[in-house]
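Chain residues, written in single-letter form:
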Amino acid sequence: MRSSIARRAAVFGSAALLLLGPVAASAQADPVEPGVSDQAAKLPAELIDAIQRDLSLSPDQYLEHSELGQKLAEFAKIARTQFPDAFAGTWLDNAGTPLVGLADGADKDAAVAAAEKAGFQVKDVAQSENSLQAQVKSLDGWLDTQPPAVADLVRGVAIDIVNNDLVLRADNVGGLQLPDFLKGARVVQSPATAAPLPSTDLTPIAEPLPADALLGGDAYGSLGGGVGLRCSLGFNGTDSSGGPVNITAGHCDPNRDAAGTSEASEAFSLVPGGTGPRIGTFAKTSLDIHDYSIIRADDSAAHRFENNGVRVPGTAPVAITGTADPIVGAPVCKSGLTTGFTCGVVTSVAQTVSVGERTLADSFSTSMCALQGDSGGTIVTGTLALGISSASNVGQYPICQVADVVTFVLGESPELFATPINEVLAENPGLRVRTS
């Protein structure tokens, strides 16, 4: 029964923050001006093009908004503990203004003072985050009393902090009749099952290639259990022993049950015209709850992963300087083998949602287009690692322009769902993302 989705939402803290809606952050952004800071000057041209095209931001504005998002994330961690009766979430609005939602409560005055001292604007709202989390628990209880035909419709739940209410995901949006206490909740379509590109021509070769580096966003092939897939590399890192690894998507491992064994799926570099040599094996794979894989580099390929770059395949990279937590409204960009760099904003965090037969918990969603083959690729905010591409609601379309038109006609927008990189690191002590 799908009531387990709501139950997981409460258990995993999925009631945390959601939706700016289908309008991109660019709607009220300042006019694009050339970026001039030293950090902005180091961004690759392909990323700058995507920032300006998708967000209507200059490189400097993109970096400034990303930094503001992380300041809000840090404030939220403190405010949840210090001001539990009033705190209702943090987000960036369409103009990049940092906002703190506060409800009436015994600690509101102190919360207002703290938010304003931190340089944030306060927005009065009706319900605290704790109150909305209580509604998530009530939803779980209500679903337990419903027949499977009703309970199975609910595929995910999260808190919409911008609108100060709940958002439910359902396969049949029109078929879900909510109880009175959820009359204000919004119901949106569930994401489609994500799929990497299938491949039947992943035949390993023995000849070594030149020692070209492999970066986040580059193409790779995986082969296991007689199945071949094409995906995008995620963030380069090191494991607890200091060995080089790459952190990519779990659904890119075609033989997940064998990860970490002698039968583990193999990873191969992809080059123009075919498959390159083997670069590693899948040391660990997770699909349900958190979607990620850890590829351990072969000794012969270890040097290829010893970098902190993210790029469009074959072009100049952006250097990763650390990790970040997703915050609603923060600008983000992803890299993948199919669509390269595309940018958008975070639309939801700490969300629990079903994708096909699996459940993503602690996930976040973004207003970015991603297609087959982009799976496993990197999502960044500023120059910080943010997440691993997991599922898209437009993955079936051939190009993003088609996806944009179709979703607009349906009253929707492209969404890319992701696993936060900090969740992956927390689940694997000693695992690190490379910053040099």
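Residues numbered from 1 in each chain as written. Predicted model: local features only at pLDDT ≥ 70, side-chain atom pairs only at ≥ 80, totals over all residues. Heavy atoms only, no water.

Asks: Looking at this structure, how should I read the side chain of glutamine 127?
Replies: Mapped onto the secondary structure, glutamine 127 falls in the loop between strand 4 (121-124) and helix 6 (129-144). A relative accessible area of 18% means that glutamine 127 is categorised as buried. A polar atom in the side chain of glutamine 127 sits 2.3 Å from the side chain of glutamine 135. Those residues within four positions of glutamine 127 in sequence are excluded, and the remaining contacts are Ala88, Ala103, Leu132, Gln135 and Asn164. (Helix = DSSP H or I, 4+ residues; strand = E, 2+ residues; numbered from the N terminus. Buried < 20%, exposed > 50% of the residue type's maximum accessible area, 1.4 Å probe, protein only. Polar contact = N/O pair within 3.5 Å; in protein donor to acceptor, adjacent residues only side chain to side chain. Contact = heavy atoms within 4.5 Å.)

Asks: How do you make sense of the sheet that holds strand 2 (residues 87-92) when you look at a structure like this?
Replies: Strands belonging to one sheet form pairs held by backbone hydrogen bonds; the direction of such a pair is parallel or antiparallel. Sheet architecture is open: 3 strands sit in the order 2-3-4, paired in mixed fashion. Two strands bound the open sheet, and with one partner strand each, they are strand 2 and strand 4. Between one strand axis and the next, the sheet turns by 25 degrees as a mean value, whatever way the strands run. Relative to strand 3 (residues 98-102), strand 2 is paired through 4 bridges, and the arrangement is antiparallel. Bridging from a neighbouring strand, threonine 90 pairs with valine 100 of strand 3. (Pairing = 2+ DSSP bridges. Axes fitted to C-alpha atoms, helices over the stretch in contact; angles between N-to-C directions.)

Asks: Explain the pattern of salt bridges here, please?
Replies: Side-chain pairs of opposite charge can arise where the charged atoms are in close proximity. For the structure on display, the rule yields 12 salt bridges. When the shortest N-O distance is used, the salt bridge between glutamate 67 and lysine 71 registers 3.8 Å. Highlighted residues: glutamate 67 and lysine 71, both in helix 4 (residues 59-82), separated by 4 residues, approximately one helical turn. Residues participating in the shared-partner salt-bridge network are Glu74, Lys77 and Asp325. (Salt bridge = Lys/Arg side-chain N within 4 Å of Asp/Glu carboxyl O.)

Asks: Where do I start with the environment of arginine 432 in this structure?
Replies: Assignment of secondary structure puts arginine 432 in strand 25 (residues 432-433). When the C-alpha positions of arginine 432 and valine 245 are compared, they lie 9.2 Å apart, and in sequence the two are 187 residues distant. Ignoring anything within four residues of it in the chain, the contact list for arginine 432 reads Asn236, Gly237, Thr238 and Leu425.

Asks: Whenever I open this one, unusual backbone geometry confuses me. Can you help?
Replies: Only a minority of non-glycine residues have a phi that is not negative, and only a minority of peptide bonds are not trans. Phi is positive for asparagine 164, close to 55 degrees, though the residue is something other than glycine. Residue alanine 350 is not a glycine yet carries a positive backbone phi of 50 degrees. Its place among the elements puts alanine 350 in strand 20 (residues 342-355).

Asks: Teacher, can you tell me more about helix 5 (residues 108-117) here?
Replies: For an α-helix the count is 3.6 residues per turn, leaving residues at separations of three or four pointing the same way. All of the buried residues in helix 5 are Lys108, Ala111 and Ala115. The buried residues of helix 5 occupy an angular sector of 60 degrees when projected down its axis, which confines them to one face. For helix 5, the exposed residues set more than 90 degrees away from the buried face come down to Asp109, Glu116 and Lys117. Buried-residue contacts for helix 5 involve helix 4, strand 3 and strand 4. Residue glycine 119 follows helix 5 closely and has a positive phi angle near 95 degrees. (Arc of directions from axis to C-beta.)

Asks: Would you mind going over the nonpolar core with me for this structure?
Replies: The nonpolar side chains of a soluble globular protein tend to be buried, and buried together. Ranked by size, the top nonpolar core spans 44 residues in total, and within it Phe235 and Ile421 carry the most contacts. Put simply, the parts of the chain that give this core at least two residues each are helix 3 (45-55), helix 4, strand 12 (244-248), strand 14 (274-286), strand 15 (292-297), strand 20, strand 23 (384-392) and helix 9 (421-427). In terms of residues, this core owes the most to one element, helix 3, which gives 5 residues. Discounting chain neighbours no more than four positions away, the residues touching isoleucine 421 are Phe235, Ile247, Thr323, Ala324, Ala385, Leu386, Gly387, Ile388 and Val433. If you look at the next biggest cluster of nonpolar residues, it comprises 27 residues, including Val154, Val157, Ile159 and Ile379. (Core = buried A, V, L, I, M, F, W, Y, C linked by side-chain atoms within 4.5 Å.)

Asks: I keep staring at the state of the cysteines and nothing clicks. Help me out?
Replies: Covalently bonding the sulfur atom of one cysteine to the sulfur atom of another cysteine gives a disulfide. Evaluated as defined, the whole model comprises 2 disulfides. Covalently, cysteine 231 is tied to cysteine 252 through a disulfide, its sulfur atoms 2.0 Å apart. Since a negative S-S torsion denotes a left-handed disulfide, the cysteine 231-cysteine 252 link at about -95 degrees is left-handed. With cysteine 231 in strand 10 (residues 227-232) and cysteine 252 in the loop between strand 12 and strand 13 (266-271), this pair connects stretches of sequence that are 21 residues apart. The class for cysteine 231 is buried, based on a relative accessible area of 0%. Here cysteine 333 engages in a disulfide with cysteine 343; their sulfurs sit 2.1 Å apart. Its S-S torsion of about 100 degrees marks the bond between cysteine 333 and cysteine 343 as right-handed, since a negative value means left-handed. (Disulfide = S-S within 2.5 Å.)

Asks: In this structure, what is going on with the pairing of strand 6 (residues 165-170)? I would like to understand it.
Replies: Among the 6 residues of strand 6, 6 are classified as buried, and the element is accordingly described as predominantly covered. Taken together, the 6 bridges between strand 5 (residues 154-160) and strand 6 define a ladder with antiparallel strand orientation. Residue pairing for strand 6: valine 157 is matched across the bridge by leucine 168. Taking the residues that link successive antiparallel strands as the turn, the strand 5-strand 6 hairpin has 4 residues, and the phi of asparagine 164 there is positive, at about 55 degrees.

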